Structure formats: C-alpha cells, structure tokens
Amino acid sequence: MYNFEFVKPASIAEATAALESDGAQALSGGQTLLPTMKQRLAAPDVLVSLTGIAEMQGVCLGDVGLHIGAATPHAVVAREAAAHYPALAKLAGGIGDPAVRNRGTIGGSVANNDPAACYPSAVLASGATVVTNRRRIAADDYFQGLFTTALEEGEFITQVLFPIPQKAAYVKFNQPASRFALAAVFVAKFADGVRVAVTGASNGGVFRWAEAEAALSANFSADALAGLSVDADDMISDLHGTAAYRANLVKVLTGRAVSAA
Amino acid sequence: MTKISMTVNGKSVSAEAEGRTLLSGFLREGLGLTGTHVGCDTSQCGACVVHVNGKPVKSCTVFAHDVAGANVTTIEGMANADGSLGVVQQAFQDHHGLQCGFCTPGMVMSSAALLAENPKPTETEVREYLEGNICRCTGYHNIVKAVLAASGQSVAAE
Ligand SMILES: Cc1cc2nc3c(=O)[nH]c(=O)nc-3n(C[C@H](O)[C@H](O)[C@H](O)COP(=O)(O)OP(=O)(O)OC[C@H]3O[C@@H](n4cnc5c(N)ncnc54)[C@H](O)[C@@H]3O)c2cc1C
Ligand code: FES
Ligand code: FES
C-alpha cells in the first residue's frame, strides 16, 4: 500500500475542509477501502477518517423516522434499530461477520454502492434520504448504477434518514464464500404503497422491481407475484449463478420477504 | 511518521508509525506482540482478530492511527495473571480445538468476545459468530466444543 497522510477530524466542518484538498479521500470503517488500497486500486494522498465525528454516530428517532449517523457501525445498527425498524436491524446484523460489523459503517456501504451490498436495498426500498455535508438526496436520485452515486467530489454522507414502514423484511441469499448477497430483496409496505428493492442481482446495481410493487400494493401476499417474472437480460452472470438463475431467485426471495414481513 | 499511543493488554504503549501502518503491523512489528497472526491480509480469515474497546475487529483491516487512544486486547492478554491459560485458551487445549494453531489466536479472541456478549450460546450461535474465522485443520467441531465448554456447558465426550 502506498503511504498517505492520516487525519482524523472531530467535526463535519473540519472533515469538509480536509476533503477539499487534492488527493483526499474519506475513510469510514475501512472494510472496503483498506483491501482496495492494499491492491493499489486506490492511492489517496490524504485519508480523512470520519470515525471520530460525534455528530455522525448513532441511531435515533427523528422527524423522518429512524435517523442513522453515517459512521455508525453495522453492529450498532443491528442492536439499536431492533426496536424501531426490525427488518433494517436484521439486515445490518447479517452483513459479513461480527468483526466486519464492528468496523464497517452504513455511510461507507451506501457511498460504495457495491452491486452485492445489503444497505443500498434498504435505503431504496424505504425511500430513505441520504444527507450529505452539502444537501439531502432522495434514494431514488442517489443510486446511479454499479459503484456510482450522486455524490460529488469532496461530498460525503453524514446521515441516512429512514421512514419506518408498516411492515418490512429483508431476505438475503448468501454467496457462501464472500458472505455478500448472491441476490437479496428488501420489501417495505407503507400506507401509500409497497416498495421492492433488489440487490446482488443486476449489472446496473440496486434497482426497484416496479411490477412487483404494483402487484403487492394491490394485494400484499406472495400469491400476488404468481404471474410475474423478472427479465434476465441485465442480470449478473458469474460462476456462482447464471442470469436466469438470479432472475428466478429475485422472484422467490421477494415472495419469501412478503411472507416474512 | 507520527507517534501513536494506545493501551495494549492493560499497558500504555507508544510507537512511531506511518499513516499506512495496520493495527496488525503495529502490534507485531512495533510492539513485538507476534501472537496476533496474519493469515490472509485481506479481511477473510480472522487469524488477526483482536479486541478494540472490547469489540473484535480484524487488525489487518484497521489503520493503527484510527484506533489511537483505544484499549486493545490481544491473545497475549488472554492468560491469567499467574501466566496459566485463560478459560477459553484452556478449553481449546482440553478439547483439541487446534492442530497447527495458526488460526487459534483469532479463534480465541472471537470466542471470548462471543462469550462476553452471550455467556451461554447454542452450537448454532457459536458457528454463526465464528463465520469470519477460518481454520484449515480442525474441521471446526472441536473448536465449537471448546467454546461451549468454556461457557460452562457440558459437551459430549470424544
Ligand atoms: C469479509 C467481508 C464480508 C462482507 N460482507 C458484506 C455483506 O454481506 N453485505 C454488505 O453489504 N457488505 C459486506 N461487506 C462490506 C462491508 O459492509 C463494508 O463495511 C462496507 O461496504 C463499506 O463500509 P466501510 O465503513 O467499511 O467503508 P470504507 O471501506 O471506509 O469506505 C468505502 C468507500 O466509501 C467511501 N466513504 C466512506 N464513508 C463515506 C461517507 N460517509 N461519505 C462518502 N464516502 C464515504 C470511501 O472513500 C470508500 O471509497 C463485507 C466486507 C468484508 C471485509
Ligand atoms: S489476516 Fe486479517 S482477516 Fe486474515
Ligand atoms: S488449527 Fe490450523 S488453521 Fe486452525
């Protein structure tokens, strides 16, 4: 790994200033960035740790619903969201393994937008708001394809605000070696309709399955999915599963999520 | 190079380190605590697990500077004050929870963290908690037995 200057600001304002310098990059839990730097796929000149900023830590209830600081580790979300948003807590508690969950953070996961990551599906299915040091971004505008988001140079996530659905569930089909999702589905039922977000499956990253949303908004039961199918055209195909396999898996997992919600 | 201070196994320590110094390297090369093993260096195997403020983390995937000031416990800190093996370590020996021993420091640190959170885990809970710790030798059965025994639950004899 190339060397860099390490800085650890104590406030959002200080971090904003530090991330304006040339070659600066944010570091949260490091569970994705450290391996990337070891492979020299990232080589920042300055690494700005966001883990020392009190305003970016913790889970609390607020005007949108459940407000989560971007630097909150998965293990803390698993524990503290359990009473308010159990499906989200379960998702956080199923990421990687205990050691990964003690370091990895929601902000890092949502910023990275890995096509097989868990959190993006919860953010999209909940219609959450991504708050940055500059603005608020609706989930529907935030995710822009594989590893691509609406974040601009020097912009970083400070909080994610989740409306709390009436019913929800996340069902993940583990890729057993990496423990990431081979495919996973987050279903959230709100008073004004159902949102279904799929991760792990598509070449375009996390996406909403519109047909399932319409069918489930009319009838919230796994049977409502009977006549639907997922287009395999843009699905990921690799040695762990073909595109057709993943397309079918998405339908099966959606049904399981509805039954579990 | 800047100086990093932290508490390791109850003692205040400090050493010079670069920005890129990993916690695993700081412990092994900076402090000579080579009980923490580096197996994969890619956050897969868990051989390098240590506790930071009581929580297990993979020390190969944490920068030393990011945990400056923290309270760190390594495998060297798991023995009793008189130097005899701690409860989890002794259970690993009694139940043959190791063969080559390479994974053992991480296994013991993860197991101790589990028992601190959940003093009487079920077999399934032990297996789930150790998902991020890989062992090439034992086939895991004796490791699981050792953890159950360390929790004071009776385990079937060989
Ligand atoms: C063994 C293993 C198993 C895993 N399994 C899963 C799994 O099952 N499901 C899953 O979803 N994930 C999994 N992960 C990934 C894990 O959840 C990571 O923690 C997460 O993807 C990245 O979060 P982080 O806090 O570690 O971010 P970092 O690694 O610190 O950062 C990742 C990227 O985001 C940027 N960044 C970080 N924070 C912010 C911010 N606040 N604003 C803007 N940009 C930011 C960084 O610059 C970097 O580019 C796994 C990881 C490992 C090592
Ligand atoms: S050496 Fe750290 S996880 Fe393998
Ligand atoms: S005892 Fe050899 S790797 Fe576990």
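Everything here concerns the structure above.
For clarity, every value in this text was computed on a predicted model and none was experimentally measured.

What to know about the pairing of strand β2 (residues 11–17) of chain B
Residue and element names in this part refer to chain B. Note: strand β1 (residues 2–8) against β2, seven bridges, orientation antiparallel. Bridging from a neighbouring strand, threonine 7 pairs with serine 12 of β2. Following β1, the chain reverses through two residues before pairing antiparallel with β2; asparagine 9 in that reversal takes a positive phi of roughly 50°.

Topic: the interface of chain B and chain A
At the junction of the two partners, chain B supplies 22 residues and chain A supplies 27 residues. Carbon and sulfur atoms supply 55% of the area that chain B and chain A bury against each other, a total of about 2,000 Å² over both sides. Of all residues in chain B, B:Arg20, B:Phe63 and B:Asp66 give up the largest surface area on contact with chain A, accounting jointly for 32% of the area buried on that side. Counting the contacts that link chain B with chain A gives four salt bridges. Between chain B and chain A we count twelve residue pairs in polar contact (both at pLDDT 80 or more) in total. Elements that contribute at least two residues to the side of chain B that touches chain A include exactly β4 (55–58) and α4 (123–129) of chain B. When residues in the side of chain B that touches chain A are grouped by element, the largest group, four residues, is from β4(B). Tallied by class, residues from the side of chain B that touches chain A come to eight nonpolar, six polar and eight charged.

Focus on the layout of surface pockets
In this structure, the second largest pocket encloses a volume near 690 Å³. Together, 24 residues line the second largest pocket, and A:Gly93, A:Gly94, A:Pro98, A:Arg101 and B:Glu128 are the ones closest to its centre. Grouping the constituent residues of the lining of the second largest pocket by class yields eight nonpolar, six polar and ten charged.

What to know about the packing of aromatic side chains
Residue and element names in this part refer to chain A. All told, the structure shown has five aromatic pairs over all chains when counted by the stated rule. Ring geometry for tyrosine 142 versus phenylalanine 143: centroids 4.9 Å apart, planes at 90°, classification edge-to-face. Its relative accessible area of 0% is what places tyrosine 142 among the buried residues. Each ring, one from tyrosine 170 and one from phenylalanine 186, has its centre 5.9 Å from the other, and the planes form 35°; the classification is tilted. Note that tyrosine 170 is positioned in strand β9 (residues 167–174) and phenylalanine 186 in strand β10 (residues 181–190), a separation of 16 residues in sequence. Residue tyrosine 170 is classed as buried on the basis of its relative accessible area of 6%.

Conventions used here
- Residues numbered from 1 in each chain as written.
- Chains lettered and ligands numbered in written order.
- Predicted model: local features only at pLDDT ≥ 70, side-chain atom pairs only at ≥ 80, totals over all residues.
- Heavy atoms only, no water.
- Pairing = 2+ DSSP bridges.
- Helix = DSSP H or I, 4+ residues; strand = E, 2+ residues; numbered from the N terminus.
- Contact = heavy atoms within 4.5 Å.
- Buried area = accessible area lost by both parts, 1.4 Å probe.
- Salt bridge = Lys/Arg side-chain N within 4 Å of Asp/Glu carboxyl O.
- Polar contact = N/O pair within 3.5 Å; in protein donor to acceptor, adjacent residues only side chain to side chain.
- Nonpolar A, V, L, I, M, F, W, Y, C, P; charged D, E, K, R; others polar.
- 1 Å grid on protein atoms, 1.4 Å probe; cavity = no way out; pocket = protein on both sides within 12 Å on 5 of 7 lines; lining within 4 Å.
- Points joined across faces, edges and corners; volume = space filled by probe spheres on them.
- Phe/Tyr/Trp six-rings, centres within 6.5 Å; stacked < 30°, edge-to-face > 60°.
- Buried < 20%, exposed > 50% of the residue type's maximum accessible area, 1.4 Å probe, protein only.

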